[in-house]
Amino acid sequence: MWVLLAIAVVVVGFALRINSMLVVTAAGIVAGLIGGLSPVKILNAFGDGFASSRSVTVFIVTLPVIGLIERYGLQHQARKLISKLKVVTTGRLLAIYLLIRQGTAALGLTSIGGPAQAVRPLIHPMAAGAAERRYGKLPEKLQEKIKGFAASADTVGLFFGEDIFVAIGSILLITGFVDATYGLHLEAIDIALWAIPTGICALLIHGTRLLLLDRQLDKLAAADRAAAKEATR
Amino acid sequence: MIKVEWFYWLCGIFFVLIALQVLNDRSNAKRLGSAAFWGILGVSFGYGTFVVNKQAPAWLLGIAVIGLAVLAGSGFPGKGEERTTTPAERVHFADRFGNKLFLPALVIPVVAAIFGAWLAKVKLGDGKLLLQTGSATIIGLGVASILALIVGMALLRPKSPAVPLHEGRRLLEHIGWAAILPQMLATLGLLFNTSGVGKAVGRVTDHLIPKGSLIAAVALYCVGMAIFTIIMGNAFAAFPVMTAAIGWPLLVQQFHGTPAVVFAVGMLAGFCGTLCTPMAANFNLVPAALLEMKDQYGPIKAQIPTAIPLLGCNILIMYFFAF
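Residues numbered from 1 in each chain as written. Chains lettered and ligands numbered in written order. Predicted model: local features only at pLDDT ≥ 70, side-chain atom pairs only at ≥ 80, totals over all residues.

Going by an unreviewed UniProt entry, chain B carries the name DUF979 domain-containing protein and comes from Kribbella sindirgiensis.

An unreviewed UniProt entry annotates chain A as DUF969 domain-containing protein originating from Kribbella sindirgiensis.

Here you go:
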C-alpha cells in the first residue's frame, strides 16, 4: 500500500506547481524504491520507458515547416481569409473543426489535425480572426479563451472520434488485454461500434459549448469595454 | 521496409542541430545549459534505438533522462532573441503569397492520410508490409513534414536553407521542456506498473462498492477510470487496473454485462479524465505552450465542463446498453 505514496508525490508536486519534469522524476523514483526496485532497475526503467515512448515527441518534425510558413505570413493570411466570410464566427468555426476532426479521426486519419500541425498555424488564427472582425483588437482574456477552446476542439474531436476506428491503439489495448487476461475473443469492430454513442454525446455537448462560446465572448468583450471606459474616466 | 526508427533519428538530428544553434546564440543568456538540454535529448533519440533493440544498456539512457529533468528543474532550456519577420513584413508577405501559404500546411494532413489509409496496407514483394507494423501514422507524419518543407522551400524561397531550422527552433523554444514531458509521463507509467501501484489501487476500490448495486458498480468503474486517468495522465494505464478491480469481476462476471460495451465505454470514461489532467501533457500542456498561452491550464479549463457531463453519459450508456 505504501507505493501509493508515489501518487501523493504527483498530486502534491502539481499542486505546489513544482517543475513537472522534477515531479514526475521524483514520483518515479519513489514508486521504484517503495516497490523494491534496485537503483539500477529504476534507471533501466527510465531508459526503457523513454526509448519506447519516443513516438509521442515526433510531432516536433512539423515545426520547421510550420515556422517557415508562419515567417511568410500564414497566420495573417488565415485571419484575412476568415474575416471575409461574415457568417463564420469563432464558435461556429471551432464547432465545424470539431466535427471534421472527429469525423476524420473516426476514419483513422488521426494525424490530420493536432496542435502543432493544425491548431497553431490554421485553426487558432482563423478563430482569432473571426473574433477580431467582431470586437477589434482582442483583450488578453478573450485571446486566452479562444486559444483554450481552439485546443479543446482538437482534443475532444480526436479522443471521441479515434475510438470509432477499429485499428487504433486504445481498441487494440482493450482486446489485447482482456483476451489475454480473461480468455475472451472480443472483436475489435464491436468495441469500435460501442464507441459511437459516446462519440455522439461528445459532439453534442462540446459542439453546443463551442456555439455558445460566441455569446461568452460577447460578454467578455462588453465587460472589457466597460472596464476600459471606467479607467479613462 | 520503411522503419520508424529512421524518423526517431530525424528527430534526434533536429534536436542536435538546435543544440548547435543555441550554443552559437549569444542572445540566449542560458545558452550552455540550453544547448546541453537539446543536445542530450538529441543523442537520447538515437541511443534509444539501441536500447529498444537491447544492444545497449538502458540505465545509461536513464541517467540522461534524469539529467534532462534536473536541467528542466533548473530553468533550462531558455529562449534566445527571436529572429523572425516583423508583423509588418508578414502582412507584406501574406499579400504577396496569398492563399498559396496554405499549401505546405495542407500537404501534411493529405500525405499523412495517404500513409495511414493506404500505404499502411501495401505489401512488398516478399510479403512484408512496406511500413513498419503499427507505425504508419508516425512514418506518415515524418514523410509529410519533409514533403511539406520541400514544397514550402520551393514556394517561398527563403534566402538561406537554414531558415526553417531557425523558425523551428523559435517554436521549439516556446514549448521548452514541455516538449518531452509527455514522454516522461509515459516513462512514469511504466515505473508505476512495475512497482505495483495499479494493484494497490485495485485493493482500495474493492472496499468502496456496496454489495449488489449495479448502478454503483457501473458508476465506480467509470468514475474510477476517470480519476485514475487524471492521476496517471493516461487511460491506457488506468484500464488494466480498473478492469481487474471492477470491470471484469463485478460487471462482467457477477452482473453478466456485455464485455464489448463495458470495456469500450469504460475506456471512454477514462478519456473524460484525460481531458481534465495536466498529467496528459501532450494533449493539455503542449497545446497551451504551442499557442503561447499565459495560463498553461487554459485548455483544461475549456474541457472540464465537457468532460463531467460526458462522464455521466458514459455511466448511463453502460448501464442501459450493457445489462
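All names here are of chain B. In terms of domains, chain B is made up of domain 1 (1–81 + 158–179), domain 2 (87–156) and domain 3 (196–321). Distance between the C-alpha centres of domain 1 and domain 3: 34 Å. On the domain 3 side, the residues contacting the four residues of domain 1 number six residues. Split by residue class, the side of domain 1 that touches domain 3 holds two nonpolar, two polar and no charged. (Domains from an automatic or database assignment. Contact = placed C-beta atoms within 7 Å. Nonpolar A, V, L, I, M, F, W, Y, C, P; charged D, E, K, R; others polar.)

Take the domain arrangement of chain A next. Partitioning chain A into structural domains gives domain 1 (2–52) and domain 2 (63–232). Just the C-alpha atoms count here: the centres of domain 1 of chain A and domain 2 of chain A sit 32 Å apart.

This next bit is on unusual backbone geometry. When glycine is set aside, most residues are seen to have a negative phi, and most peptide bonds are trans. Residues and elements named next belong to chain B. With omega at -10°, the peptide bond leading from Phe-76 into Pro-77 counts as cis. Along the chain, the position of Pro-77 falls in the loop between α3 (58–73) and α4 (87–97). The backbone phi angle of Arg-157 is positive, close to 45°, even though this residue is not glycine. Following the sequence through the fold, Arg-157 ends up in the loop between α6 (136–156) and α7 (163–175). A residue is classified by how many C-beta atoms lie within 10 Å of it, and Arg-157, with 9 of them, is exposed. Notably, His-256 is not glycine yet its phi reads approximately 55°, a positive angle. Among the structural elements, His-256 can be located in the loop between α11 (235–254) and α12 (259–274). (Helix = DSSP H or I, 4+ residues; strand = E, 2+ residues; numbered from the N terminus. Buried ≥ 20, exposed ≤ 12 C-beta atoms within 10 Å, placed from the backbone.)

Residue and element names in this part refer to chain B. In the contact formed by helix α8 (residues 181–195) and helix α13 (residues 281–290), the axes pass within 9 Å of each other and the chain directions differ by 160°. When the interaxial angle is binned, α8 and α13 end up roughly antiparallel. Relative to α13, the crossing made by α8 is right-handed. Contacts between α8 and α13 involve Leu-181, Pro-182 and Leu-185 from the first element and Ala-281, Asn-282, Leu-285 and Val-286 from the second. Class assignment for the residues of the contact of α8 with α13 results in six nonpolar, one polar and no charged. (Axes fitted to C-alpha atoms, helices over the stretch in contact; angles between N-to-C directions. Parallel < 35°, antiparallel > 145°, perpendicular 65-115°, else oblique. Left-handed = near helix turned anticlockwise from the far one by under 90°.)

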